[in-house]
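# Architecture at a glance
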Amino acid sequence: MIAPEDSSAQAPPRVVAVVVTYNRLTLLQRLLERLDTVPGLAEVVVIDNASSDGTGEWLAALDDREAPDEHHTVPVLARTLDRNRGGAGGFHVGLLEAVDRGADLVWLMDDDGIPEPGCLEALLAHTGELDFWGPAVLAEQDPDRLCFPIRLPGGTRVVHAMADVEAAARDGLIPDVVIPFNGVLVTRELVERIGSVREDYFIWGDDVEYLWRARAAGARIATVTAARFLHPATDDLGTPMLGGRTTYNHSASDLKHYCMARNNLLNLREYHGWPHALAFVAKTLWFYTVTRPQPARLALSVRAWVAGLRGDFTGHERFLR
């Protein structure tokens, strides 16, 4: 008599997507349309950061729509927060919600990105091998280029073209490199081990902190080159300085800069030590003194650093009023 196969060992993981949105209804609708066609996706959890553009009302009416694009294939669970808690707060809530709903793997993304067909399938091919892994994040306007340049492991080389990423890959992977919260998969086990996203960061640096925390906990991390995720290219990152020998993450937004200055200093101090944190301080002072002289931005940077070191994570709220 032949013994029956152990079906539990063959059961596919329960994958729950978490989408954080704020005042981007059109982009959210586009993303949900794509997710509705993704095989292997069990459910989508949408965290709405108290949008004021009708997003909450649209999400509440999802089950009542009769349009042919109704999301009936992949269930959508929407949760509207009582206030804007930023991307950090949204992912903090969404990650815990997905785990509470029985997710084995959580697929994290913002509302303005979109996975290419086959993205999740390519990622799932590495289930069991990795703990925190994601796709190549490409510029939507030019899919042959990375949206966010990456530094290849084992050196200082930074690449911008997808062809360079593919050439550097080993067995289709770039080990120890991933662009967080842009189509990444996180295992339930890792979330239970290291916790959720640091919600007090509001925006900027929460993704890096989670990646570095995972890395410090021994998580297996990689970018899967066969998986592709599109994201609008940004023009305010990587501003050249020191004759082009390095770059600085300059943003015209005081809100973004305040959070970046505060959170990056704390991340560097926590995971790389004071020498790296002080090097970031020096780089900021140089950039806004020499590269792009802005005394007001210098003062804002100092306020952000002092607040972060004091454990005050309320200073960004003045920019939300």
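The structure this text deals with has already been given above.
Presented here is a report on the structure given in the accompanying data block. Keep in mind that this is a model prediction, so the values were computed, not measured.

A tally of helices and strands in the chain yields eleven helices and 13 strands. The globule rule puts the C-alpha radius of gyration for 321 residues at 20 Å, and the 20 Å found for the chain is close to it. With the principal axes as the frame, the chain shows a C-alpha extent of 75 × 45 × 35 Å. Out of the 321 residues in the chain, the part that is buried amounts to 48%. Relative to all contacts within the chain whose residues are 6 or more apart in sequence, the contacts with residues 24 or more apart total 76%. In the structure as shown, the chain presents an accessible area of about 15,200 Å², 52% of it carried by carbon and sulfur atoms. Of the side chains in the chain, 31 bear a positive and 44 a negative charge, and the two mean positions are spaced by 11 Å.

In total, this model carries eleven aromatic pairs according to the counting rule given. Between F132 and Y210, the ring centres sit 6.0 Å apart and the planes meet at 65 degrees, which makes this aromatic pair edge-to-face. Note that F132 is positioned in strand β6 (residues 132-139) and Y210 in helix α8 (residues 206-216), a separation of 78 residues in sequence. With a relative accessible area of 0%, F132 lands in the buried category. Taken together, a centroid distance of 4.9 Å and an interplanar angle of 85 degrees make the contact between F287 and Y288 edge-to-face. The residues F287 and Y288 share a single accessibility class, namely buried. One aromatic cluster is present, built from ring pairs that chain together Y248, F280, F287, Y288 and W305.

Our next topic: the pairing of strand β2 (residues 41-48). The two faces of a sheet get side chains in turn, since along a regular strand they alternate between them. The buried count for β2 comes to seven of eight residues, which makes it a mostly enclosed element. Tracing the backbone out of strand β1 (residues 15-21), into helix α2 (residues 25-35) and back to the parallel element β2 gives a crossover that is right-handed. Where β2 meets strand β3 (residues 76-80), five bridges bridge the pair, whose relative direction is parallel. Within the sheet, the bridge partner assigned to V46 lies in β3 and is A78.

Moving on to the pattern of salt bridges. Throughout the structure, instances matching the rule amount to 16 salt bridges. For R85, the salt bridge identified is with E199, shortest N-O distance 2.4 Å. Of this pair, R85 sits in the loop between β3 and α4 (86-100) while E199 is found in the loop between α7 (188-194) and α8, placing the two residues 114 residues apart along the sequence. When the shortest N-O distance is used, the salt bridge between R297 and D254 registers 2.8 Å. Within this pair, whereas R297 is found in helix α11 (residues 295-310), its partner D254 is found in helix α9 (residues 254-272), the two being separated by 43 residues in sequence. Through salt bridges with shared partners, one network takes in R14, E43 and R101.

What follows covers the packing of helix α10 (residues 274-291) against α11. Between α10 and α11, whose axes approach to 9 Å, the crossing angle comes to 160 degrees. With respect to α11, the element α10 is oriented roughly antiparallel. For the pair formed by α10 and α11, the contact residues are W274, F280, V281, T284, L285, Y288 and T289 on the first element and R297, L298, S301, W305 and L309 on the second. Of the residues in the contact of α10 with α11, the class split is eight nonpolar, three polar and one charged.

This next bit is on α9. Between its first and last C-alpha atoms α9 spans 26 Å; for 19 residues at 1.5 Å apiece the expected length is 27 Å, and the two agree. Within α9, burial applies to L255, H257, Y258, C259, M260, A261, R262, N263, L265, L266, N267 and L268. Buried-residue contacts for α9 involve α8, β13 (246-248), α10 and α11. Its side-chain oxygen at 3.3 Å from the backbone nitrogen of L255, S253 defines the N-terminal cap of α9. Looking one or two residues past α9, G273 carries a phi angle of roughly 95 degrees, positive in sign.

Conventions adopted
- Within each chain, residues carry numbers counting from 1 in the order of the written sequence.
- Per-residue local features are limited, in this predicted model, to residues with pLDDT of at least 70; the limit for side-chain atom pairs, both in listing and counting, is 80 or more; totals at the level of whole chains, interfaces and linings are taken over all residues.
- Side-chain measures here rest on the full set of heavy atoms in the structure, leaving out hydrogens and waters.
- Note on conventions: DSSP H or I runs of at least 4 residues are helices, E runs of at least 2 residues are strands, and numbering of each starts at the N terminus.
- Between the two quantities, the radius of gyration covers C-alpha atoms and the globule rule is 2.2 Å times the number of residues to the power 0.38.
- For the exposure calls, accessible area comes from a 1.4 Å probe over protein chains only, and a residue counts as buried if that area is under 20% of its type's maximum, exposed if over 50%, partly exposed in between.
- Note on definitions: a residue-residue contact is assigned when non-hydrogen atoms from the two residues lie within 4.5 Å.
- Surface accessibility in these figures is a Shrake-Rupley result with a 1.4 Å probe; residues are shielded only by whichever protein chains are displayed.
- Charge convention: Lys and Arg are scored as positive, Asp and Glu as negative, and His as well as the terminal groups of each chain are ignored.
- By convention, the point assigned to a charge is CZ for Arg, NZ for Lys, CD for Glu and CG for Asp.
- Two aromatic rings, drawn from Phe, Tyr or Trp (for Trp, its six-membered ring), form a pair once their centres lie within 6.5 Å of each other, and the interplanar angle then sorts them: stacked below 30 degrees, edge-to-face above 60, tilted otherwise.
- Throughout, right-handed denotes a crossover for which the path from the first strand over the helix to the second runs clockwise when the strands point away from the viewer.
- For two strands to pair, DSSP has to find at least two bridges joining them.
- The salt bridge criterion pairs a side-chain nitrogen of Lys or Arg with a carboxyl oxygen of Asp or Glu, the two atoms within 4 Å.
- To get an axis, a line is fitted to the C-alpha atoms, and for a helix only the part in contact is used. The angle between two axes follows their N-to-C directions and goes from 0 to 180 degrees.
- By the definition adopted for this analysis, an angle is roughly parallel if under 35 degrees, roughly antiparallel if over 145, roughly perpendicular if from 65 to 115, and oblique otherwise.
- Each residue gets one of three labels, nonpolar for Ala, Val, Leu, Ile, Met, Phe, Trp, Tyr, Cys and Pro, charged for Asp, Glu, Lys and Arg, and polar for the others, Gly among them.
- The span one expects for a helix is its residue count, reduced by one, times 1.5 Å.
- Any pair of N or O atoms that falls within 3.5 Å is considered a polar contact. Within protein, one atom must be able to donate a hydrogen and the other to accept it, and sequence-neighbouring residues count only if both atoms are side-chain atoms.

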